[in-house]
Amino acid sequence: MKYKLLSLCLLSAGVNAAPFDTCPSKAFLVQGNTAAIYGVNLVSGAYTEFAPNVGTNNKLNGFGFNLHDRYLYGWDYSRKDIGRVGNDYTLEPLTTVGFPDTNFYVGDVAIHENAYYVYRKGSSYGLYRVSLDESSNDYLQATRVINGGDLNLNIFDMAFAPNGEAGMAYSVDSNGNLHRINATTGASTVLGNVGQSGTFGAVYFDVDNNFYISRNQDGHIYQVNIEDPADTQLFAYGPSSGSNDGARCATAPIIDESEDPTMDYGDAPESYGTSLAENGARHVAGDLYFGDGVSAEHLPKAQDDDDGVSFVTSIETGYDALISFTLSTNGYVNAWVDWNQDGEFQSSERIISELSGVAGENRVLIPVPVDALEGNTWARFRVSNNQDIAPTGGVDNGEVEDIAVSVVASSLIESSTAWQTAAFEDLWPQKGDYDFNDVVVRYRATTGQIGNQIVQYKVEGALVAVGAGYHNAFALRFKDIARNHVNESQIKLTIDGVEAQNSPLEANRNEAIAVIFKDTREMVPALEGCKFFRTEEDCIDRQRAPVPFELILPLSTTYSVNVATLDKLDPFIFAVTGYDHGPYVDSNNGRGWEVHLKNQAPTEAFDPSYLDQGDDTSSTNGYFQTNTGLPWAMIINTDWQHPKEKTDMSIAYPQFAEFASSAGQNNVTWFENPVANYQYTISSASQN
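What counts, and where the lines are drawn
Residues numbered from 1 in each chain as written. Predicted model: local features only at pLDDT ≥ 70, side-chain atom pairs only at ≥ 80, totals over all residues. Heavy atoms only, no water. Helix = DSSP H or I, 4+ residues; strand = E, 2+ residues; numbered from the N terminus. Buried < 20%, exposed > 50% of the residue type's maximum accessible area, 1.4 Å probe, protein only. Contact = heavy atoms within 4.5 Å. Lys, Arg positive; Asp, Glu negative; His and termini not counted. Charge placed at Lys NZ, Arg CZ, Asp CG, Glu CD. Pairing = 2+ DSSP bridges. Axes fitted to C-alpha atoms, helices over the stretch in contact; angles between N-to-C directions. Disulfide = S-S within 2.5 Å. Salt bridge = Lys/Arg side-chain N within 4 Å of Asp/Glu carboxyl O. Core = buried A, V, L, I, M, F, W, Y, C linked by side-chain atoms within 4.5 Å.

Asker: Which parts of the structure should I look at to understand the overall build of the chain?
Answerer: For the chain, the helix and strand inventory stands at 6 helices and 43 strands. Taken over 688 residues, the chain has a buried fraction of 54%. Pairs at least 24 apart in sequence give 63% of the contacts found in the chain among residues at least 6 apart. Computed over 41 positive and 90 negative side-chain charges, the separation of the two mean positions in the chain equals 6 Å.

Structure below.
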């Protein structure tokens, strides 16, 4: 056996490059179908090419740094075997026994032992160990720890942790699940999800047991807390590649302070992300900066030495503020202001997004939210060659400037309507039940006014009932307000306590149309034994409360009070495309069907071919009324108890028909005179 091993060692001998002198702080990254090696600074994402070719005509994968001999080891695709790389960055082939005839792309060198591990899923492959200890009897002999059917993971790299239980490797699969792999037994455990997905082809540890994963598609480097995978944050912006593999000396600190300082940090208070410990904003100092120059330091600035950014005008709530900044050369600018003064820069507080700035002075007009808090706060400006960056994390170029600013409160006046109820009958234009509970929404509107100018609408309310078999959306049209006159970056819709991620404004419209509930039936799935929501007597005690919502609609163009009034609000419903909506509606054109208040013109999305069919005489009598002049939608300016399912309005409220047919002249208090037991009783408190 010893003779055989000696022969193997002789066969594997080549040009023996010297090992690395130290345990380097930089991470190694190998990329390309012809392997090239780079050094990556995980703090900033900056990378330097160490070798354009390591001497192989193919990939080098499963990369790992060996603490025991200070060589890099990897799987050489050209030979289907392992090799090692010394300080000359040239691959030295090694010859092993015991591996299957395939290539491995997942691997790392263990910390607790002088051994290299590679993995490939599939029952014919698996997790293999090969000794790198030249004094060991099993040197360069591969043994399978577990087959890849039992350890079936969709991973692309792994790394051993320097602290904790020995022999534990970690990886993140394509769905974002963090796995801990026991290299001794092959057992694996899912520790949680990191909240990111993709191909994480290069993963690393540092001496503090922080885990770093680099995504091939965009080069984003995330820092993962292996004790709490949900505590994962974007750490730096590194190089992207279709083929990535990483290695790092896991016992080295994340940054080597013996090197010359090259980093620029912000100087806002620590809660904003300023130090490296808090993943603060940081850039590699170079030729792209604000103002006259940029200083570099290992740590955040002890005092504010920034220049090049200023607010030309005061920062007053509800008004636009003018910003000036000077750039040394062209670059992308992103900026944030802590409007709510909570000590953090939120994504919703971005005031400049991916602006392509030019060398010299740039000026930008930004809106100040009407609800920004008065007082002192902080703003952060970042310039880099990266188009879209966050308020924290590392970038390999540019500069960060944090400046203290003061927000002045303007005299915002709010005017509100009383609470009112919008009720809809969705059979239009076909005859049938007339119970006015298909969609019932209670709401009130508030305008925000500065001086004699309207700057914001707020609509709050709740979906009270859904008695429709059809699928309907509920929307609000702001009459005479164009879509491009809305400050869409600041619009906010909250439904049942959850803020919508996308703008509620309907796309490709000239009008400002906000879709509140995209499908009212989907919002309130029916309980077992019930067909609808809050319309059936037998289901009263079992159904949830109304579904609350709040819409804040800031305007980019102000309107005088005598033009923009609260009666500009037009609630309506429309059919959800793809669902049956009766004999007069094309299910492929559901959006073209709408129901509005009597005599209210439809929106620009309405299909006029739906008019003058069934029980509709719009061309002669006016929009959205029956042949006898009854409406298909109405607003009741008070608390209102809608009819129970299949109970006609004329039975529940006998005076309603005369009120409607007289165009509101007779029986104006019809809603105060119901016939008992025909209404779905809802307390006022439950509607608010």
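Asker: Is there a simple way to explain the sheet that holds strand β4 (residues 60-65) in this structure?
Answerer: Strand pairing in a sheet relies on backbone hydrogen bonds, with the paired strands running either antiparallel or parallel. The strand order across the open sheet built from 4 strands is β4-β5-β6-β7, with neighbouring strands paired in antiparallel fashion. Edge strands, defined here as strands with exactly one partner in the open sheet, are β4 and β7 (91-93). For this sheet the average axis-to-axis angle between neighbouring strands, irrespective of direction, equals 30°. The pairing of strand β6 (residues 81-85) with β7 spans 3 bridges and is antiparallel. Paired with R84 across the two strands is E92, which belongs to β7.

Asker: What should I look at first to understand the sheet that holds strand β20 (residues 244-247) in this one?
Answerer: Here we have 4 strands laid out as an open sheet, ordered β3-β2-β1-β20, and antiparallel in their pairing. Looking at the sheet topology across the chains shown, the edges are occupied by β3 (47-51) and β20. Sheet twist, expressed as the average angle between the axes of neighbouring strands with direction ignored, equals 30°. Where strand β1 (residues 27-31) lies against β20, 4 bridges are found, and the strand directions are antiparallel. Residue pairing across strands places F28 opposite A247, the latter belonging to β20.

Asker: Even after reading the chapter, I still don't get unusual backbone geometry, so can you show me in this structure?
Answerer: A negative phi angle characterises most non-glycine residues, just as the trans form characterises most peptide bonds. With omega at 0°, the peptide bond leading from W428 into P429 counts as cis. Within the secondary structure layout, P429 lies in the loop between β33 (420-424) and β34 (439-450). A positive phi is found at R70, a non-glycine position, where the angle reads about 60°. Note on placement: R70 falls in the loop between β4 and β5 (72-76). The exposure class of R70 is partly exposed, given its relative accessible area of 32%. Although it is not a glycine, F624 adopts a positive phi angle of roughly 50°.

Asker: What exactly am I supposed to notice about the state of the cysteines here?
Answerer: Each disulfide consists of one covalent bond between the sulfur atoms belonging to two cysteines. Summed over all chains, the structure comprises 2 disulfides. One disulfide bridge connects C23 with C249, the sulfur atoms lying 1.4 Å from each other. Here C23 and C249 share a disulfide; its torsion about the S-S bond, -95°, makes the bridge left-handed. Here C23, found in the loop between α1 (2-12) and β1, pairs with C249, found in the loop between β20 and β21 (263-265); they are 226 residues apart in sequence, far enough to count as distant. In this model C530 forms its disulfide with C539; the gap between the sulfur atoms is 2.0 Å. Residues C530 and C539 are joined by a disulfide whose S-S torsion is about -115°; by sign, that bridge is left-handed. Across this residue pair, the class does not change: C530 and C539 are buried. Look at the chain and number its bonded cysteines as they come in the sequence; the links are 1-2, 3-4.

Asker: What's the story with the pairing of β1 in this structure? I'm lost.
Answerer: Residues in a regular strand point their side chains to alternate faces of the sheet. Most of β1 sits inside the fold, with 5 of its 5 residues counted as buried. Side chains A27, L29 and Q31 project from β1 onto one buried face, and the interleaved F28 and V30 project onto a second face that is buried too. One ladder, built from 5 bridges, connects β1 with strand β2 (residues 36-40); its direction is antiparallel. Considered in β2, the bridge of V30 is made with I37. Counting the residues in the hairpin turn of β1 and β2 gives 4 residues, including G32, whose phi is positive at 95°.

Asker: When you look at the environment of G592 in this model, what are you seeing that I'm missing?
Answerer: With respect to the helices and strands, the residue G592 is situated in the loop between β41 (569-575) and β42 (594-595). With 17 residues separating them in the primary sequence, G592 and A575 have C-alpha atoms 7.6 Å apart. Beyond its immediate chain neighbours, meaning those up to four positions away, G592 contacts A605, F606, D607 and Y610.

Asker: In this structure, what is going on with the pattern of salt bridges? I would like to understand it.
Answerer: Between side chains of opposite charge, pairing is possible as soon as their charged atoms come close. Scanning the entire structure with this criterion turns up 19 salt bridges. We note a salt bridge from E134 to R84, for which the minimum N-O separation is 4.0 Å. Here the residue E134 occupies a position in the loop between β10 (122-131) and β11 (142-148), and R84 occupies one in strand β6, the gap between them amounting to 50 residues. For E134, a relative accessible area of 55% corresponds to the exposed category. One salt bridge in this structure joins R477 and E511, with 3.0 Å as the shortest N-O distance. One end of the pair, R477, is in strand β36 (residues 472-482); the other, E511, is in strand β39 (residues 511-517), with 34 residues separating them in the sequence. Given a relative accessible area of 4%, R477 falls into the buried group.

Asker: Teacher, can you tell me more about the nonpolar core here?
Answerer: It is characteristic of soluble globular proteins that their nonpolar side chains tend to be buried jointly. Within the largest apolar cluster, 47 residues are counted, with the highest numbers of intra-cluster contacts made by W428, F478 and I516. Contributions of two or more residues to this core are made by β33, β34, β35 (453-465), β36, β37 (492-495), β39, β40 (547-560) and β41. Counting residues per element, this core draws most heavily on β40, at 6 residues. Not counting residues within four places of it along the chain, the set of residues in contact with W428 comprises W593, E594, V595, F606, Y610, L611, D616, F624 and W632. If you look at the next biggest cluster of nonpolar residues, it comprises 25 residues, including F311, V333, I352 and V383.

Purely geometric stuff here, so don't read any function into it on its own.
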